[in-house]
Amino acid sequence: MRPLAAPGGEAPDQGAEQIAAIEPLADESPYGYASRLLKTHLAAKAPDFTARLRQMKQARGSLKVLSICSGAARIEAGLAAAVPEGIAWALLDINEQLLQMAARQFPATTPWT
């Protein structure tokens, strides 16, 4: 792995050195690797979207979720599998092929709006 450099060719800071020391895991996707790197250097804890979705569904009875620029909707499909009832999904993306791929990832019983 090549060393990281700060803007202007300055020496990398300690955070950059720590990032460079973290190697990808076997079979880890680039997205998963980048997310893991971010998690190690963010002070804030990422929200638990599954818990939040369950909480909102319990409070409201049913929900409608709109995903803009959803692409293949892998995140949304995971949420739909974790909270399978009471949520209607709407996916929006410019790429029709990605939307078709997204539809195949959701459970067959998923309601669409």
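Here, the structure is the one placed above.
Residues numbered from 1 in each chain as written. Predicted model: local features only at pLDDT ≥ 70, side-chain atom pairs only at ≥ 80, totals over all residues. Heavy atoms only, no water.

Moving on, we come to unusual backbone geometry. Phi angles above zero are rare outside glycine, and D27 is one such case at about 65°. By secondary structure assignment, the location of D27 is in the loop between α1 (14–21) and α2 (30–41). With phi around 55°, A73 is a residue other than glycine that occupies positive phi space. Relative to the elements of secondary structure, A73 occurs in the loop between β1 (63–68) and α4 (74–82). Taking the relative accessible area as the measure of exposure, A73 reaches 2% and is therefore buried. (Helix = DSSP H or I, 4+ residues; strand = E, 2+ residues; numbered from the N terminus. Buried < 20%, exposed > 50% of the residue type's maximum accessible area, 1.4 Å probe, protein only.)

Looking now at the side chain of D93. Relative to the helices and strands, D93 resides in the loop between β2 (87–92) and α5 (96–105). Buried within the structure, D93 lacks any salt-bridge partner; its nearest side chain of opposite charge belongs to R74, at an N-O separation of 10 Å. Within polar-contact distance, the side chain of D93 engages the backbone nitrogen of N95 at 2.8 Å. (Lys, Arg positive; Asp, Glu negative; His and termini not counted. Salt bridge = Lys/Arg side-chain N within 4 Å of Asp/Glu carboxyl O. Polar contact = N/O pair within 3.5 Å; in protein donor to acceptor, adjacent residues only side chain to side chain.)

This part is about the pairing of β1. For a regular strand, side chains alternate in direction, first toward one face of the sheet and then toward the other. Bridge analysis of β1 against β2 gives six bridges, and the strand direction is parallel. From the neighbouring strand, L63 faces β2, where its bridge partner is I87. Taking the sense of rotation as the criterion, the β-α-β connection linking β1, α4 and β2 turns out right-handed. (Pairing = 2+ DSSP bridges. Right-handed = clockwise from strand over helix to strand, strands pointing away.)

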